[in-house]
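Descriptive structure summary
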Amino acid sequence: MCGFAGLIDRSGTTSPEELERQAAAMAAPLRARGPDDAGVHADARHGFGLAFRRLSILDRSQAGHQPMESHGGRYVLALNGEIYDAPVLKARLEAERAAPPWRGHSDTEVLLAAIEAWGLRETLRRSDGMFALALFDRQRATLALARDRFGEKPLVYADGAGHFLFGSTLAALRAHPVFDDAIDGVSMRMYLRYGWIPAPHSIHRAARKLPAGSMLEIDVQRRGPVPTPTPWWSIAESIEAGQSDPFRGSLDEAADAVGAALSRSVRARTVADVPVGALLSGGIDSSAVVASLPPSSDLRTFTIGFPGSGHDESPFAREVATCLGVASTIRDVGPEDALRGATSMASVYDEPFADSSQIPTALVCALARNHVAVVLAGDGGDELFGGYRYYRRVANPLWRASRIVADYRATRSGGSLTAPRSWATRATRNIHSVWRNPDTILSNDPGGEPACDVARTVRGMSFVRRMMYWDQAHYLPDDLLVKMDRAAMAVGLEARSPFLARDVVDLAWRLPSRHLIGRYEGKLVLRRLLARRLPARLVDRPKRGFTVPVDEWLRGPLRAWADELLSPESLASSGLWKARPIRSMWEAHRDGRLSDGRRLWPVLQFEAWRRRVS
């Protein structure tokens, strides 16, 4: 787990030393992502500079130093992340007699050799990992950027003023003097709607996020618009494969298959030259990950608790750890942690981000980093195996019937009839919306808001499966994985997500909905799997989620912090807000007349972020 940054300077006059200096300056904000080593590469003939910050996980020797040149000298690679099937790729290269003399045992070296042998796109399709990469091809004078299937690792870029800039975070782009950091009004509107900004948009008008599962190739010698990124993988592939080869076994047989796939994924993700742990909430997903560890594992788990509140799941996590025979480290979060966490989020997330569970995520990552350098996490379990309550709602025939009644009433009062296939679309946007009408608090209208790809369907998909698709395509990469990556990287910790292994994802889309979602609970197949290792009281309990008592915190330890950020003077200084409705909402919440912490949180996090970067 690392970070990189670089540039293409099209002026043709920049010296190698200056290219190295500029690239290194862009990588400086990435030090927390890569505290162990630094490297830089410059090619003055092409105006190309690339800098790297390394967190040493595999092959901690100089043989793993980056940027890394391929054995033949054609390619220069910066890789942020891990290629979990590197041993498999290495064996294939050796079997095909395409392997170079190995210098070490890093996955970066294996990936470079695979690219030389098979090309970039084919190598990506054969690989199972989490990564963002920058590949410079000296022979063709091209720069390729690519990102893993679900976007576990970030990659952003910008083009303007004769420079193409790219890096792991927006902070790297802002470190270059030509970058235009103007706020994008449309992205601001989407941020208020969701609490996060969907790719390819970013908070800055000039910057774009490379979408998950995509690649972008730049001819460094050609001027003109930046090409549109092209997908090298999409969730639709797993959906279509699942529909053509559906799983026909029983729920117990499905649990066997999921258990085997998850165990393989966990084993691959515990390979490291440093200590490995796991984040354990006590819920189904993280418990399934820990239960999939080899019996001889000495892995330690880490948990955050909220004593005295209805959000505390630490007692369940302690029981799970005891039943599974793993060591457990639990830290209770108090008022001083809430204040410290809330005020530090703007330095952890380099664009506004308002999922309030970001605070305990950051705290549990900091706790884990005191003991290990790598953790396993349960991200993806809800989206792949039907864990959210609203999946059960949409799957319920009575809910669908209520939509028909609502549409009929709309037509009787002069409205238009809604197509049935749009029900899941409307429900998903409403479920994830924080501010359904952001214009009520924005001072000017930024124009139309691009819709996320909510309506994307594959033939034969049910309402609930379309919602699961949307969550996997947007909510998972743009909220949950952002939350985990930034929180972990802020303390130099690598987080790995076993549920996002390619064969686990493919299997999830083969399973029938009846093995995922019941009338009263979701993730049926994971519950059946866990019931073999844990008592019923730990398996058959309602989902709580990794939530925090944000309403109470804003009236308690965060009150002075919020009052200052939401003062009329502060809100007016940005020129973005309608201060009166925000201030009225805050005063009503603060005084206990309303509970509106969820809608206030995006405004607070934006204002904290704005102060940090301005």
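Residues numbered from 1 in each chain as written. Predicted model: local features only at pLDDT ≥ 70, side-chain atom pairs only at ≥ 80, totals over all residues. Heavy atoms only, no water.

Bringing the overall build of the protein into the picture now. What the protein contains, in helices and strands, is 25 helices and 17 strands. Here the C-alpha atoms of the protein give a radius of gyration of 24 Å, agreeing with the 25 Å that 2.2 N^0.38 yields for 614 residues. In terms of overall dimensions, the protein has a C-alpha envelope of 65 × 60 × 50 Å along the principal axes. A burial count over the protein gives 58% of its 614 residues as buried. Taking all contacts inside the protein whose residues are at least 6 apart in sequence as the whole, residues at least 24 apart take part in 73%. Only carbon and sulfur atoms are counted for the fraction: they give 50% of the accessible area of the protein, which is about 23600 Å². (Helix = DSSP H or I, 4+ residues; strand = E, 2+ residues; numbered from the N terminus. Rg over C-alpha atoms; globule rule 2.2 N^0.38 Å. Buried < 20%, exposed > 50% of the residue type's maximum accessible area, 1.4 Å probe, protein only. Contact = heavy atoms within 4.5 Å. Areas by Shrake-Rupley, 256 points an atom, 1.4 Å probe, with all protein chains shown as cover.)

Read across the open sheet, the 6 strands follow the order β4-β5-β6-β7-β11-β12; overall the sheet is antiparallel. A single partner strand is all that each edge strand has here, and the edge strands are β4 (68-69) and β12 (230-231). Where strand β11 (residues 214-219) and β12 come together, 2 bridges link them in antiparallel fashion. Residue pairing across strands places S214 opposite P231, the latter belonging to β12. Against the sheet, helix α3 (residues 107-118) makes contact with β4, β5 (75-83) and β6 (129-137), and its axis sits at roughly 125 degrees relative to β5, the strand it touches most. (Pairing = 2+ DSSP bridges. Axes fitted to C-alpha atoms, helices over the stretch in contact; angles between N-to-C directions.)

One can find S286 in helix α9 (residues 284-291). S286 sits in the buried class, given a relative accessible area of 7%. For S286, the contacting residues outside a window of four places in its chain are L279, L280, S281 and G378.

When the pLDDT values of the protein are averaged, the result is 90; 90% of them are 70 or greater. Scored below 50 in pLDDT, residues 410-421 shows 12 contacts in the model against residues more than four places distant or in partner chains. (pLDDT = per-residue confidence, 0-100.)

Now for the pairing of strand β2 (residues 37-43). On β2, burial follows the alternation: D37, G39, H41 and D43 on one face are buried, whereas A38, V40 and A42 on the facing-out side are not. Bridge analysis of β2 against strand β3 (residues 48-54) gives 7 bridges, and the strand direction is antiparallel. Note on β3: the bridge partner recorded for H41 is L50. The hairpin formed by β2 and β3 contains 4 residues between the paired strands, and G47 there has a positive phi angle of roughly 65 degrees.

A separate point is the state of the cysteines. By definition, a disulfide links two cysteine residues through a covalent bond between their sulfur atoms. Under the defined criterion, the tally for this structure stands at 0 disulfides. This cysteine, C2, is not joined by any disulfide, and C365 carries the nearest cysteine sulfur, 16 Å off. On the basis of relative accessibility, which here comes to 4%, the residue C2 falls in the buried class. (Disulfide = S-S within 2.5 Å.)

What follows covers the sheet that holds strand β13 (residues 276-279). Taken together, the 5 strands give an open sheet; going across it, the order is β15-β14-β13-β16-β17, and neighbouring strands pair in parallel fashion. At either end of the open sheet lies a strand with only one pairing partner, and these are β15 (327-332) and β17 (494-496). Direction aside, neighbouring strands of the sheet carry axes that sit 30 degrees apart on average. Sheet analysis places strand β16 (residues 374-376) next to β17, joined by 3 bridges and oriented parallel. Across the sheet, V375 pairs through a bridge with A495, a residue of β17. Of the strands in this sheet, β13, β14 (300-305), β15 and β16 are in contact with helix α12 (residues 358-369), which crosses β14 at around 145 degrees.

Now for the packing of helix α7 (residues 235-244) against helix α18 (residues 502-510). Describing two packed helices takes the angle between their axes plus the distance from one axis to the other. Running from amino to carboxyl end, α7 crosses α18 at an angle of 50 degrees, the nearest separation of the two axes being 8 Å. It follows that α7 is oblique to α18 by the angle criterion. Handedness of the crossing formed by α7 with α18: right-handed. Touching I235, S238, I239 and G242 of α7 are V505, D506, W509 and R510, all from α18. Along the lines of polarity and charge, the residues of the contact of α7 with α18 split into 4 nonpolar, 2 polar and 2 charged. (Parallel < 35°, antiparallel > 145°, perpendicular 65-115°, else oblique. Left-handed = near helix turned anticlockwise from the far one by under 90°. Nonpolar A, V, L, I, M, F, W, Y, C, P; charged D, E, K, R; others polar.)

Turning next to the pattern of salt bridges. Here the structure, examined in full by the defined rule, presents 38 salt bridges. Measuring nitrogen to oxygen at the nearest pair gives 3.2 Å for the salt bridge that ties R583 to D563. Of this pair, R583 sits in helix α24 (residues 579-590) while D563 sits in helix α22 (residues 559-565), and the two are 20 residues apart along the sequence. Assessed through its relative accessible area of 15%, R583 is described here as buried. With a relative accessible area of 25%, D563 lands in the partly exposed category. R593 is the partner of D591 in a salt bridge, and the nearest nitrogen-oxygen pair spans 3.6 Å. A single network of salt bridges, built from pairs that share partners, joins D563, R583, E587, R590, D591 and R593. (Salt bridge = Lys/Arg side-chain N within 4 Å of Asp/Glu carboxyl O.)

Before going further, it helps to spend a moment on unusual backbone geometry. The step from Q66 to P67 runs through a cis peptide bond, and the omega angle for that step is 0 degrees. Here P67 shows up in the loop between β3 and β4. Here A161, not a glycine, exhibits a phi torsion of approximately 55 degrees, which is positive. Inspection of the secondary structure puts A161 in the loop between β8 (156-160) and β9 (163-167). Residue classification places A161 among the exposed residues on the basis of a relative accessible area of 59%.

With that settled, consider the packing of helix α11 (residues 335-348) against α12. The N-to-C vectors of α11 and α12 enclose an angle of 100 degrees; their axes lie 9 Å apart at closest approach. Put simply, α11 runs roughly perpendicular to α12. For the pair α11 and α12, contact is made by D337, A338, G341, A342 and M345 and by Q358, I359, A362 and L363, respectively. Class assignment of the residues belonging to the contact of α11 with α12 gives a composition of 6 nonpolar, 2 polar and 1 charged.

The next point concerns helix α6 (residues 185-194). Counting buried positions along α6 yields 9 of 10 residues, so the element is predominantly enclosed. A positive backbone phi angle near 90 degrees is found at G195, which sits one or two residues after α6.

With respect to the element layout, T329 can be found in strand β15. Here T329 is in contact with R300, T301, F302, T303, L367 and H371, once residues within four sequence places are set aside.

Two faces, one strand: in a regular strand the side chains alternate between the faces of the sheet. With 8 of its 8 residues buried, strand β1 (residues 2-9) lies for the most part within the structure. The alternating pattern of β1 places C2, F4, G6 and I8 and G3, A5, L7 and D9 on opposite faces, both of which are buried. Where β1 meets β3, 7 bridges bridge the pair, whose relative direction is antiparallel. Of the residues in β3, the one forming a bridge with I8 is F48. The pairing of β1 with β9 spans 5 bridges and is antiparallel. From the neighbouring strand, L7 faces β9, where its bridge partner is L165.

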